[in-house]
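# An overview of the molecular structure
Chain by chain, the residues:
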Amino acid sequence: MASFHPCSSLSESLCFRGSPRVFSTAAQQRSTGDECGPEDPHDEPKHPRSDCAIKHKAIKLEEQVQDLTERYRKALADSENVRRRTQKFVEDAKLFGIQSFCRDLVEVADILEKTTESAAEEAEPSNPNPTLKKIYEGLSLIEAKLQSVFAKHGLQKMNPVGGKYDPYDHEIVCHVPAEGMQPGTIALVTQDGYKLHGRTIRHALVGVAVESQE
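## Remarks on the environment of Ile172
The topology assignment puts Ile172 in strand E2 (residues 170-177). When the C-alpha atoms of Ile172 and Leu205 are compared, they prove to be 5.9 Å apart, with 33 residues separating the residues in sequence. In this structure Ile172 touches Tyr165, Val206 and Val208, once residues within four positions along its chain are discounted.

Take a look at the structure:
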């Protein structure tokens, strides 16, 4: 038969009576915690120093952007200048690549011109030799064709007689009395000058008119 323990019954009674208080305390703590809740980050005080630092950093970044933009523009301008110079160099190489060849070729033109003039003197109407006449006509055709080829490739003979002396185009070899001409003008040409696409490749040897000294 089970024995009855008064003390045991009394402690159980006390435990049951104390339990609501324990539960009530825990509930109050939870309720208090819910009411308090975590602090709102928006309620934190602002720091003026932090705002100043951000503004200063933004100004520095803007200055860096402006500096890089200016460097980029200069780089573009330099690149464009290099491109133009390179293009000009290539174009000049195409135009004036035959310059030295033309210098040699105009010497052949000089010989042909002198030969044609000599043949013209020999083939005068007073000379009945038909062979000389044919030679002269052939040389004249060759000379005309040669000058046509020169013009096709931008090579032109100067005609300075009666014009002003230009040290970039002419070379003075003598002075002649200015008879009916303005002093300083070109009176005669002893050797023709030539230009290739407007650039002088051989100066004309000229005689310039000067005032006669009595």
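Having seen the model, we can carry on.
## Here's the deal with the packing of aromatic side chains
Evaluation of the coordinates by the stated rule reveals one aromatic pair. If you follow Arg199 out to its NZ or CZ, it ends over the ring of Phe96, 3.7 Å from the centre.

## Things to note about the sheet that holds E2
In spatial order, the strands read E2-E6-E3; together these three strands make up an open sheet with mixed pairing. Each end of this open sheet is capped by a strand with a single partner; those strands are E2 and strand E3 (186-191). On average, each strand axis in the sheet is tilted by 30 degrees relative to the strand beside it, whichever way the strands run. Of the pairings in the sheet, the one linking E2 to strand E6 (residues 204-210) comprises seven bridges and is parallel in character. Bridge assignment links His175 to a residue of E6, and that residue is Val208.

## Notes on the pattern of salt bridges
The final tally for this structure, using the stated rule, is eight salt bridges. Between Glu80 and Arg83 there is a salt bridge, with its nearest N and O atoms 2.6 Å apart. You can see Glu80 and its partner Arg83 sitting in helix H2 (residues 48-96), three residues apart, about one turn around the helix. We note a salt bridge from Glu113 to Lys157, for which the minimum N-O separation is 3.7 Å. Residue Glu113 is found in helix H3 (residues 99-122), and its partner Lys157 is found in strand E1 (residues 155-157); the two are separated by 44 residues along the sequence. Linked through salt bridges whose partners overlap, the residues forming this network are Glu80, Arg83 and Arg84.

## Some points on a negative patch on the surface
On the surface, Glu117, Glu121, Glu122 and Glu124 cluster together into a patch of negative charge. Relative to the helices and strands, Glu117 is located in helix H3. The partly exposed category is assigned to Glu117, whose relative accessible area is 44%.

## Section: unusual backbone geometry
Of note in this structure, His197 is not a glycine but carries a positive phi near 55 degrees. By the secondary structure assignment, His197 is in the loop between strand E4 (194-196) and strand E5 (199-202). Classification of His197 as partly exposed rests on a relative accessible area of 39%.

## Observations concerning the nonpolar core
Counting residues in hydrophobic clusters, the biggest one holds 13 residues, and the most contacted among them are Phe150, Leu155, Tyr194, Leu196 and Ile201. Of all elements in the fold, only H3, helix H4 (130-152) and E4 reach the threshold of two or more residues within this core. With five residues, the top contributor of residues to this core is H3. Setting aside residues no more than four positions away along its own chain, Ile201 makes contact with Gln99, Cys102, Arg103, Leu155, Tyr194, Lys195 and Leu196. Among the nonpolar cores identified, the runner-up in size contains five residues, and Met158, Ile186, Ala204 and Val206 belong to it.

## A short note on the confidence of the model for the protein chain
Here the protein chain shows a mean pLDDT of 79. Residues at 70 or above account for 76%. The element-level mean pLDDT for the protein chain is lowest in helix H1 (residues 6-36), coming to 44, with E4 highest at 95. Note on residues 1-39: pLDDT under 50 across the span, and zero contacts to partners over four residues away in sequence or across chains.

Analysis parameters
- Residues numbered from 1 in each chain as written.
- Predicted model: local features only at pLDDT ≥ 70, side-chain atom pairs only at ≥ 80, totals over all residues.
- Heavy atoms only, no water.
- Helix = DSSP H or I, 4+ residues; strand = E, 2+ residues; numbered from the N terminus.
- Contact = heavy atoms within 4.5 Å.
- Phe/Tyr/Trp six-rings, centres within 6.5 Å; stacked < 30°, edge-to-face > 60°.
- Lys NZ or Arg CZ within 6 Å of the ring centre and 35° of its normal.
- Pairing = 2+ DSSP bridges.
- Axes fitted to C-alpha atoms, helices over the stretch in contact; angles between N-to-C directions.
- Salt bridge = Lys/Arg side-chain N within 4 Å of Asp/Glu carboxyl O.
- Patch = residues over 30% accessible without salt bridge, like charges linked within 9 Å, V, L, I, M, F, W, Y side chains within 5 Å.
- Areas by Shrake-Rupley, 256 points an atom, 1.4 Å probe, with all protein chains shown as cover.
- Lys, Arg positive; Asp, Glu negative; His and termini not counted.
- Charge placed at Lys NZ, Arg CZ, Asp CG, Glu CD.
- Buried < 20%, exposed > 50% of the residue type's maximum accessible area, 1.4 Å probe, protein only.
- Core = buried A, V, L, I, M, F, W, Y, C linked by side-chain atoms within 4.5 Å.
- pLDDT = per-residue confidence, 0-100.

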